[in-house]
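Examination of the molecular architecture
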Amino acid sequence: MVSETLSMSNLMEVMVRAVVQRVKEARVEVEGKIVGEIDRGLLILLGVGDADAVKDADYLANKIVHLRIFPDDRDLMNLSLIDIRGAALVVSQFTLWGDCRKGRRPSFIRAARPEKARELYGDFISLVRAKGVKVATGEFREMMDVHLVNVGPVTLILDST
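Read on for a plain summary of the structure. Within each chain, residues carry numbers counting from 1 in the order of the written sequence. Given that the model is predicted, a residue must reach a pLDDT of at least 70 before its local features are reported, and side-chain atom pairs must reach 80 or more before they are shown or counted; all residues, however, enter totals for whole chains, interfaces and linings. Side-chain numbers come from the whole structure's heavy atoms, not from hydrogens or water.

1. Re unusual backbone geometry
- A cis amide bond links G152 to the next residue, P153, at an omega of 0 degrees.
- Along the chain, the position of P153 falls in strand β8 (residues 145-159).
- In this structure, E31 takes a positive phi of about 50 degrees despite not being glycine.
- What counts as a helix is a DSSP run of H or I of at least four residues, what counts as a strand is a run of E of at least two, and both are numbered from the N terminus. Within the secondary structure, E31 is located in the loop between β1 (17-30) and β2 (33-38).
- Three exposure classes are used, based on accessible area relative to the maximum for each residue type with a 1.4 Å probe and protein chains only: buried under 20%, partly exposed in between, and exposed over 50%. For E31, a relative accessible area of 76% corresponds to the exposed category.
- Even without being glycine, R85 reaches a positive phi, approximately 55 degrees.
- Here R85 lies in the loop between β5 (77-79) and β6 (87-92).
- Residue classification places R85 among the exposed residues on the basis of a relative accessible area of 79%.

Written as C-alpha cells, this is what we have:
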C-alpha cells in the first residue's frame, strides 16, 4: 500500500467540507416558503468542522468560485462561476461531518458547535460575495427543502486540506 494513501483516520482531519453541484436552477424552502434561489450557478452544501478557521473558509471560497466546471463554446469544462457570471446558493449542512464508521447512527462529534458554524458559514458567504458572485442562502439551523436541477450531472466534494 502506498504511504500517501488517505486513511479513514486522515479523512477525519479534513477541514471545511463542501459538496458543490453545477445547477441550472436551485432553491431552498423553509416551511413552504422560498428563502433562497438562483438560476445558473452552483449549489454549495457547506459543512463546518470543530477545528475550522477563517483561512479554511477563504481557501474554499476562492477554490469554488474559480473551479472550471462550466462548459465553454466547445462544450469543455473551462469556465468558472465568475466567468459565466453565475450565482451561488449556499446551504449549511453539518451532516457532511457525519462519521458512519461505527454502528448505524452517524456521529457528529467533529462538526462545529452551532455558534462557531454560523460564524464561519457567514464568513464563507461574505468571502464569495466579495469575489463579485451573487449569493443566495438557506436558513441556518432550519429544516430546509432543497430543490435543484443538476446539470451534467456535475457534483464535486471539496475540503480545505
